[in-house]
Structures are given as structure tokens and as C-alpha cells.
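What the coordinates show
The residues making up each chain are set out below.
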Amino acid sequence: MATLTFKRGSTPHKLHEHFVSGKSLTYDEAYAMGIRHLTQRVADLKKKFEDAAVKSPLAVIDESNKRGGVHARYFYKGVHCPLEDRLGTRDY
């Protein structure tokens, strides 16, 4: 079985550290942090878990983006993120 490893400073590592700390992230917030193409970066992070044969803790919830639409908010389950128990939360 492979292990879950990240290259320090890489985008998957930044996302992992952000999510492990119990925080969540939307496209706009990620863009402000200098992370582009969040949907693809989250997919890359999920692939890291799949390659290591580890169940991914990634989850997503849709919420209003205050511009009349909805956006996805990504986070990890099991790290005491306040979004874990909200209605509409689903595994990514």
C-alpha cells in the first residue's frame, strides 16, 4: 500500500494543511490565496488519497455565493469542521 505524501509548498499540500486545520474553501477564497483552478486542484488532492489507497475525507456543500448563484465549499470531514453536520453535505 502506498502512503499519502505531499511535496512541501505544492498546491495539494496547501489545501491539505488548510483542510486539516478544520477550515473550508470556496473558489473565490482560493483565488485570493493564490490558488487557481480550485475544482481541478481538489480533484488532484482526491487522486492523492486514491493513489495511496486511503479513504478521502474530502466533502463539499453548495451554498449561496451572494451574487444570486451557488458555489461549492470544500472541506475535510472528521477534523471538526463546522460544516460536517450541515444538511446538504456530501462526499466529494
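The structure reproduced in this document is the subject of the present report. Owing to the predicted nature of the structure, the values given are computational and were not obtained by experimental measurement.

Helix and strand counts for the protein come out as 3 helices and 3 strands. The secondary structure elements of the protein, listed N-terminal to C-terminal, are α-α-α-β-β-β. Taking 2.2 N^0.38 as the reference for a compact globule, 92 residues should give roughly 12 Å; the C-alpha atoms of the protein span a radius of gyration of 13 Å, in line with that estimate. Projected onto the principal axes, the alpha-carbon positions of the protein cover approximately 45 × 30 × 20 Å.

Right, let's get into the pairing of strand β2 (residues 70-76). Most of β2 is tucked away: 5 of the 7 residues are buried. In the sheet, strand β1 (residues 58-64) pairs with β2 via 7 bridges, with the strands oriented antiparallel. Its bridge partner lying in β2, Val60 is registered against Tyr74. If you look at the hairpin formed by β1 and β2, you'll find 5 residues sitting between the two strands, and Lys66 has a positive phi there, around 65 degrees.

Aromatic rings considered in pairs are described by the distance between their centres and by the relative angle of their planes. Counted under the stated rule, the structure contains 4 aromatic pairs. Pairing Tyr74 with Tyr92 gives two aromatic rings, centres 5.7 Å apart and planes at 80 degrees, and the pair type is edge-to-face. Taken together, the residues span a long stretch of sequence, with Tyr74 in strand β2 and Tyr92 in the segment after β3 (90-91) at a distance of 18 residues. Residue classification places Tyr74 among the buried positions, given a relative accessible area of 7%. Looking at Tyr92, the relative accessible area reads 28%, which means it is partly exposed. Here the basic side chain of Arg36 rests over the ring of Tyr31, its NZ or CZ set 3.7 Å away from the ring centre.

Okay, the packing of helix α1 (residues 11-20) against helix α3 (residues 38-51) next. Running from amino to carboxyl end, α1 crosses α3 at an angle of 85 degrees, the nearest separation of the two axes being 9 Å. Viewed along their axes, α1 and α3 adopt a mutual orientation that is roughly perpendicular. Judged by residue contacts, Thr11, Pro12, Leu15, His16 and Phe19 of α1 engage Leu38, Arg41, Val42, Leu45, Lys48 and Phe49 from α3. Looking at the contact of α1 with α3, its residues break down into 7 nonpolar, 2 polar and 2 charged.

On to α1. For α1, the full list of buried residues reads Pro12, His13, Leu15, His16, His18 and Phe19. The inward-facing, buried residues of α1 contact α3, β1 and β2. In the stretch just after α1, Gly22 is the one whose phi turns positive, near 90 degrees.

Thresholds, definitions, all that
Residues numbered from 1 in each chain as written. Predicted model: local features only at pLDDT ≥ 70, side-chain atom pairs only at ≥ 80, totals over all residues. Heavy atoms only, no water. Helix = DSSP H or I, 4+ residues; strand = E, 2+ residues; numbered from the N terminus. Rg over C-alpha atoms; globule rule 2.2 N^0.38 Å. Buried < 20%, exposed > 50% of the residue type's maximum accessible area, 1.4 Å probe, protein only. Pairing = 2+ DSSP bridges. Phe/Tyr/Trp six-rings, centres within 6.5 Å; stacked < 30°, edge-to-face > 60°. Lys NZ or Arg CZ within 6 Å of the ring centre and 35° of its normal. Axes fitted to C-alpha atoms, helices over the stretch in contact; angles between N-to-C directions. Parallel < 35°, antiparallel > 145°, perpendicular 65-115°, else oblique. Contact = heavy atoms within 4.5 Å. Nonpolar A, V, L, I, M, F, W, Y, C, P; charged D, E, K, R; others polar.

So, to be careful, I would describe these as geometric facts and stop short of saying anything about function.
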